[in-house]
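What follows is each chain in one-letter form.
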Amino acid sequence: MISTESLYYNAQDVKCFGGTNMYKILVVDDEELLVKGIRFNLQNEGYEIFTGSNGLEAVEMAKQNTPDLIILDVMMPKVSGAAATKEIHGRHPAIRIVV
């Protein structure tokens, strides 16, 4: 049985690539209120947050900021989350993406 305590991490627990403790997370969803809530909570935990509202922005933000983690909606305008995931992983296979 897996302990739920092992599933949660603080910003202080995470060692980011490049030797800094500032873990970069990209949050992309077309529901603005949801993005604001996620950004607020993650920033309060000490993470550096970038946001977008569609799949095209996700691809562009991933190019510009090289986040450590992307939280991505599936159904979005312009480019779907699935297509954005494929494009991002093609360029940055080490970036973890939660869809």
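Going by the structure above, here's the rest.
What comes next is a walk through the structure. (Residues numbered from 1 in each chain as written. Predicted model: local features only at pLDDT ≥ 70, side-chain atom pairs only at ≥ 80, totals over all residues. Heavy atoms only, no water.)

### Topic: the sheet that holds strand β1 (residues 24-28)
Short version of the rule: The criterion for strand pairing is that DSSP finds at least two bridges linking the strands in question. Helix and strand labels come from DSSP, where a helix needs a run of H or I of at least four residues and a strand needs a run of E of at least two; each type is numbered from the N terminus. Axis angles are defined between N-to-C directions and span 0 to 180 degrees, where every axis is a line fitted to C-alpha atoms and, for a helix, only to the segment in contact. Here, residues are in contact when the closest pair of their heavy atoms is within 4.5 Å.
On the basis of which strands lie adjacent, the open sheet formed by four strands has the order β2-β1-β3-β4 and parallel pairing. On the outer flanks of this sheet lie β2 (48-52) and β4 (96-98), each paired with one strand and no other. The average undirected angle you get between the axes of adjacent strands in this sheet is 20°. Strands β1, β2 and β3 (69-72) of the sheet are contacted by helix α1 (residues 32-44), whose axis makes an angle of about 170° with β2. Taken strand by strand, helix α2 (residues 55-65) contacts β1, β2 and β3, and its axis lies near 170° from that of β1.

### Some thoughts on the pattern of salt bridges
This is how it is decided: What makes a salt bridge here is a side-chain nitrogen of Lys or Arg within 4 Å of a carboxyl oxygen of Asp or Glu, nothing more. For the exposure calls, accessible area comes from a 1.4 Å probe over protein chains only, and a residue counts as buried if that area is under 20% of its type's maximum, exposed if over 50%, partly exposed in between.
Within the structure shown, the criterion is met by three salt bridges. Taking the shortest distance from any N to any O, the salt bridge between K63 and E60 comes out at 3.2 Å. Of the two residues, K63 and E60 are both situated in helix α2; the distance of three residues between them amounts to about one turn of the helix. One salt bridge connects E87 with R91, and the closest N-O pair in it is separated by 2.9 Å. With E87 and R91 both in helix α3 (residues 81-91) and four residues apart, this pair spans about one turn of that helix. On the accessibility criterion, R91 (45% relative accessible area) is partly exposed.

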